[in-house]
Amino acid sequence: MEMIFNINWENSSKTVDLFSLRNYPLFYDWVASPDGEKIAVVVENENRETTVWVNGKTWENVFERVCYLQFTPDNRLICTVQKDGLWTVAIDGNLWENSFDYVWNLQFNQDGKVIAVNVKVGNQYSVCVNDKPWQKFFYDARDLFISDKGNNIATYVRLENYPVLDILNFAKGMWSLAVNESAWDKKFISVFGCAFSPNGEKVAAGVRFSNREFSIAVDGNIWESTFLQVWEPVFLNNVDVLAPVKTEIGWQLYCNGRPFWEYGFTQIWNLRVHPAKEKIAGVIATDLGKWTVIVNGTPWKYSFSDLVLPPIFSPDGEKVAVAVKDKGKWGIVVDDEPWSLDVDRVWDPIFSPDGEKVAVRAEKGNKYFLVINDKIHKESFDYLWDPIFSPDGEKVLLRGIKGNTYYRKVLKIEKIIG
Amino acid sequence: MKEFKREIITDIGIDRVLDFLDEKRIKRAIDRVLSKESAARLKAFVQTCVHCGLCSETCHHYLSHDGDPTYAPAAKVKMTIGDILEKDGNVTKEDIKRYARIAFTECNLCRRCTMFCPFGIDIGYLISLVRRICGILGVAPQFIQDQVYSHMSCYNMLWLKQDEWLDTIQWIEDELRYEIKNARIPIGKKDSDILLLIHGLEAKYMTPLLMNMLKIMLVSGVDFTLPDIDGWDYTNKSIYMHDFETMTMVTKRHYEIATKLRVKRIVITE
């Protein structure tokens, strides 16, 4: 997801003293704001009164519980809170007017303006968006999906309330996808892999039928073909839908129900698309235990034994980077060239706006490091958040904790990579 | 061979589901498994068995039925996959019912017989093909099917809803605070060392067990987390129907959570 940050790139450093947190018997769930200016954590006192601590100050409200603490891209601090037994959402300490028996799956869209949660009232389930609950409730609601623009919201819903062991009715299907309160008019054994189009106008998902075959549904309309199995679909553009499907020749890439790549693989999943260039990257297995990346139909020459995580496109769509695990060791690969990095754990690679630099945080010997273009920055931290590139790609924002201090630093990249 | 005689037992997962099937659909399922999914070892195994009977004494079903030869592993293969091959897949609903009974209730796929077979015939594999055929047809004991349907849509075996999972862990945390000062059970904590997955029963009916395990995790001081989304249940009941599609979905989910939270390892209870 492309984040929109308003970051001060001139003020090179800032610290927040964390020592005062020792006054609390319990504190957990650290989060740093995207601009690096704030660090927050959930704190509890001896009476189990719970609240949020931000840069040394706490919110006025106290709660029974605080969950899902996170910053939105516009640097607002959000979480779910339980107060007087009921649950709601808090934004910078201000509570929504609506409260529920339970809320979970707190999420926001690309710019953070649309905030939504799954909600439970009595034994009924639904969604609340920006403090406006859907009017329609369901027997169950699982997972929440917000389109990038925030114009549409979806959740998997259960439309029948058959009792446990009622397998003959289960076989008829009882799950669907609700988009903005309205469930598709078809029921399935299961619905999974929900994905919105880039403009948020269309939505696709994998579905399983009563006869145990699979297909892809787009806005509730099912592809003509059924398959032995399918994985999560993605939109190639605002109309066309891609999905890995299992056919008699193995796993294949299909588009709108027809073969897109004619050949099959031992496995293909984790598709990613660069919508502007309609480029496709995915993870394939060419044989058992041989995982690699495929870009527009061309597999990389290197393969990896354990894991290849979802590929990441550079902003211009010309490069692809990925985190891998090979024979128990984590690594980063950019355009089929593995880094020489020797660390215990790495996180997802992040491209600079021009695509020339790749930054990643890494852990070695229980210390966290910033790595750019395979060069490890000398300074270590007890914890680091993901680095953020400046718009000109010349600087990187580093947010980390060392000892009892939170650090916000703006570093010149040339000093790291030389 | 002694006559195949069994006490009549009804199970809607087998008897009622068969009402909805026809022999054409049965043939299609058999062809899919035997010609597209089975390895060459199927033919080799079936042709290699010399009916020496060494497998019989290794089977607890055979022993616990006073040496009834119809419970011998070689006989069970002959009465199921052997029968299917002999009839070239043109079998009746009554045949499927018999196969299901044998494959689901008279063989645990423990493979002890394979250890004693002079040719190393994997009898468990052969019986598992029968479970796979029955599974594709939706013919399996009701309790197994119920849990598999739950896995298909909820990724846990007992239809636990997402809020019920989270609320259960929060309740356990409250209870633990009577014993452990400031006990805190992390849920969905990124970058932990360990992702702890639990048995579905422990979250729904056996919470004291789960509480004890969480107590151990807390006191040991390890950096762990439970998932905050579907995929917290490591059980995969679809294996009993050889429902590979659900099996892969559930297992894939576990690895997706582990990599999303970027833990170093997955630990399971029990």
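Residues numbered from 1 in each chain as written. Chains lettered and ligands numbered in written order. Predicted model: local features only at pLDDT ≥ 70, side-chain atom pairs only at ≥ 80, totals over all residues. Heavy atoms only, no water.

Examining the overall build of chain A
Spelled out, the test is: Only DSSP runs of H or I covering at least 4 residues are called helices, and only runs of E covering at least 2 are called strands; the numbering of each starts at the N terminus. Every radius of gyration here is taken over C-alpha atoms, with the globule rule written as 2.2 Å times N^0.38, N being the number of residues. Buried, partly exposed and exposed residues are distinguished by accessible area as a fraction of the type maximum, computed with a 1.4 Å probe on protein chains only: under 20%, between the cut-offs, and over 50%, respectively. Contact between two residues is taken to exist if any of their heavy atoms lie within 4.5 Å; hydrogens are not considered. Here the accessible surface of atoms and residues is derived via Shrake-Rupley with a 1.4 Å probe, and residues count as covered only by protein chains that are part of the display. When charges are counted, Lys and Arg are positive and Asp and Glu negative, with His and the chain ends excluded. A charge is said to be at NZ when it belongs to Lys, at CZ for Arg, at CG for Asp and at CD for Glu.
When you go through chain A residue by residue, the secondary structure sums to two helices and 44 strands. Taking 2.2 N^0.38 as the reference for a compact globule, 418 residues should give roughly 22 Å; the C-alpha atoms of chain A span a radius of gyration of 23 Å, in line with that estimate. Counting only C-alpha atoms and orienting by the principal axes, one finds that chain A spans roughly 60 × 55 × 35 Å. Within chain A, the fraction of its 418 residues that count as buried is 58%. Excluding contacts between residues fewer than 6 apart, the proportion of contacts in chain A whose partners are at least 24 apart in sequence is 37%. Element-wise, carbon and sulfur atoms account for 47% of the exposed surface of chain A, whose accessible area totals about 17,200 Å². Each charge sign in chain A was given a centre, from 46 positive and 55 negative side chains, and these centres are 3 Å apart.

Details of helix 2 (residues 23-37) of chain B
Residues and elements named next belong to chain B. The condition that has to hold: For a helix, the expected span equals 1.5 Å multiplied by the residue count minus one. Here a polar contact is taken to be a pair of N or O atoms separated by no more than 3.5 Å, where protein atoms must pair a possible hydrogen donor with a possible acceptor and residues adjacent in sequence count only if both atoms sit in side chains.
Look at helix 2: 20 Å from first C-alpha to last across 15 residues, which is about the 21 Å you get at 1.5 Å a residue. Here helix 2 has its buried residues at Ile26, Ala29, Ile30, Arg32, Val33 and Leu34. Taken together, the buried residues of helix 2 touch helix 3 (41-48), helix 5 (73-86), helix 6 (93-105), helix 8 (123-137) and helix 13 (244-260). Measuring from the backbone nitrogen of Lys24 back to the side-chain oxygen at the start of helix 2 gives 3.1 Å, which picks out Asp22 as the cap.

Overview of a nonpolar patch on the surface
Basically, it comes down to this: Nonpolar side chains (Val, Leu, Ile, Met, Phe, Trp, Tyr) are joined into patches within 5 Å and like charges within 9 Å, using only residues with over 30% relative accessible area and no salt bridge. Whenever Lys or Arg places a side-chain nitrogen within 4 Å of a carboxyl oxygen from Asp or Glu, that contact is recorded as a salt bridge.
Nonpolar side chains collect at one region of the surface, where Tyr205(B), Met206(B) and Leu209(B) lie side by side and expose about 300 Å² of accessible area between them. Within the secondary structure, Leu209(B) sits in helix 12 (residues 207-220).

Some words on the interface of chain A and chain B
The following threshold applies: Summed over both partners, the accessible area lost on bringing two parts together, with a 1.4 Å probe, is the buried area.
Taken residue by residue, the interface counts 58 residues in chain A and 54 residues in chain B. Each partner contributes to the roughly 4,800 Å² buried at the junction of chain A and chain B, and carbon and sulfur atoms together form 52% of this total. Contact with chain B buries surface across chain A, with Arg142(A), Ile167(A) and Arg212(A) losing the most and accounting together for 16% of the total. At the surface where chain A touches chain B, the tally comes to 16 salt bridges.

Looking at the sheet that holds strand 19 (residues 203-208) of chain A
Residue and element names in this part refer to chain A. So the rule is basically this: One requirement defines pairing of two strands: DSSP has to find at least two bridges between them.
In spatial order, the strands read 18-19-20-21; together these four strands make up an open sheet with antiparallel pairing. Among the strands making up the open sheet, the edge pair consists of strand 18 (190-196) and strand 21 (221-222). In this sheet, strand 20 (residues 214-218) lies alongside strand 19 in antiparallel orientation, the contact comprising five bridges. The residue bridging Arg208 from the neighbouring strand is Phe214, located in strand 20.

Re the side chain of Lys357(A)
All names here are of chain A. Inspection of the secondary structure assignment puts Lys357 in the loop between strand 37 (350-351) and strand 38 (358-364). Despite its burial, Lys357 pairs with no opposite charge; the closest candidate is Asp354, at 4.3 Å N-O. For Lys357, the contacting residues outside a window of four places in its chain are Ile350, Phe351, Ser352, Ile372, Asn373, Phe389, Gly393, Glu394, Ile413 and Ile417.

Considerations on helix 12 of chain B
Residues and elements named next belong to chain B. So the rule is basically this: Here, the arc refers to the directions that run from the helix axis to the C-beta atoms.
Relative to the 20 Å expected for 14 residues at 1.5 Å per residue, helix 12 spans 20 Å between its end C-alpha atoms, a close match to the ideal helical length. Among the residues of helix 12, those classed as buried are Thr207, Leu210, Met211, Met213, Leu214 and Met217. With its buried residues spanning 165° around the axis, helix 12 presents them on a single face. Turned more than 90 degrees off the buried face of helix 12, the exposed positions are Pro208, Ile216 and Val219. In this structure, the buried side of helix 12 is in contact with helix 10 (162-176), strand 1 (194-197), helix 11 (200-204) and strand 2 (224-225).

Some thoughts on the side chain of Lys395(A)
Of note, Lys395(A) is situated in strand 43 (residues 395-402). Aside from chain neighbours lying at most four places away, what touches Lys395(A) is Trp9(A), Glu10(A), Ile388(A), Phe389(A), Ser390(A), Val410(A), Leu411(A), Lys412(A) and Ile413(A).

Topic: the pairing of strand 39 (residues 367-372) of chain A
The side chains of a regular strand alternate between both faces of the sheet. Residue and element names in this part refer to chain A. Burial of strand 39 is extensive: five of the six residues sit out of reach of the surface. Direction of pairing for strand 38 relative to strand 39: antiparallel, over a ladder of six bridges. Each residue of the ladder has a partner; that of Lys364, found in strand 39, is Lys367. Hairpin remark: strand 39 followed by strand 40 (residues 375-376), antiparallel, with two residues in the connecting loop; positive phi at Asn373, about 45°.

Considerations on the packing of helix 10 of chain B against helix 12 of chain B
Residues and elements named next belong to chain B. Our working rule: Throughout, an axis means a line fitted to C-alpha atoms (over the contacting stretch in the case of helices), and angles, computed between N-to-C directions, take values from 0 to 180 degrees. Each angle receives one of four descriptions, namely roughly parallel if under 35 degrees, roughly antiparallel if over 145, roughly perpendicular if within 65 to 115, and oblique otherwise. In this scheme the handedness of a crossing depends on how the near helix is turned from the far one: anticlockwise by less than a right angle means left-handed, clockwise means right-handed. Residue type decides the class: Asp, Glu, Lys and Arg count as charged, Ala, Val, Leu, Ile, Met, Phe, Trp, Tyr, Cys and Pro as nonpolar, and the leftover types, Gly among them, as polar.
One can describe the packing of helix 10 onto helix 12 by two numbers: an axis separation of 10 Å at closest approach and a directional angle of 65°. Between helix 10 and helix 12, the interaxial angle falls into the category roughly perpendicular. Between helix 10 and helix 12 the crossing geometry is right-handed. Where helix 10 abuts helix 12, its residues Thr168, Ile169, Trp171, Ile172, Glu175 and Leu176 lie against Thr207, Leu210, Met211, Leu214, Lys215 and Leu218. Taken together, the residues of the contact of helix 10 with helix 12 break down into eight nonpolar, two polar and two charged.

Concerning the domain arrangement of chain B
Residues and elements named next belong to chain B. Here is the rule: Reported domain spans reflect what an automatic or database domain assignment gives.
Looking at the assigned domains, one finds that chain B contains domain 1 (12-140) and domain 2 (148-268). Computed over C-alpha atoms only, the centres of domain 1 and domain 2 are separated by 34 Å. On the side of domain 2, six residues touch domain 1, which itself brings nine residues to the contact. Contact between domain 1 and domain 2 buries roughly 590 Å² in total, counting both sides, with carbon and sulfur atoms accounting for 55%.

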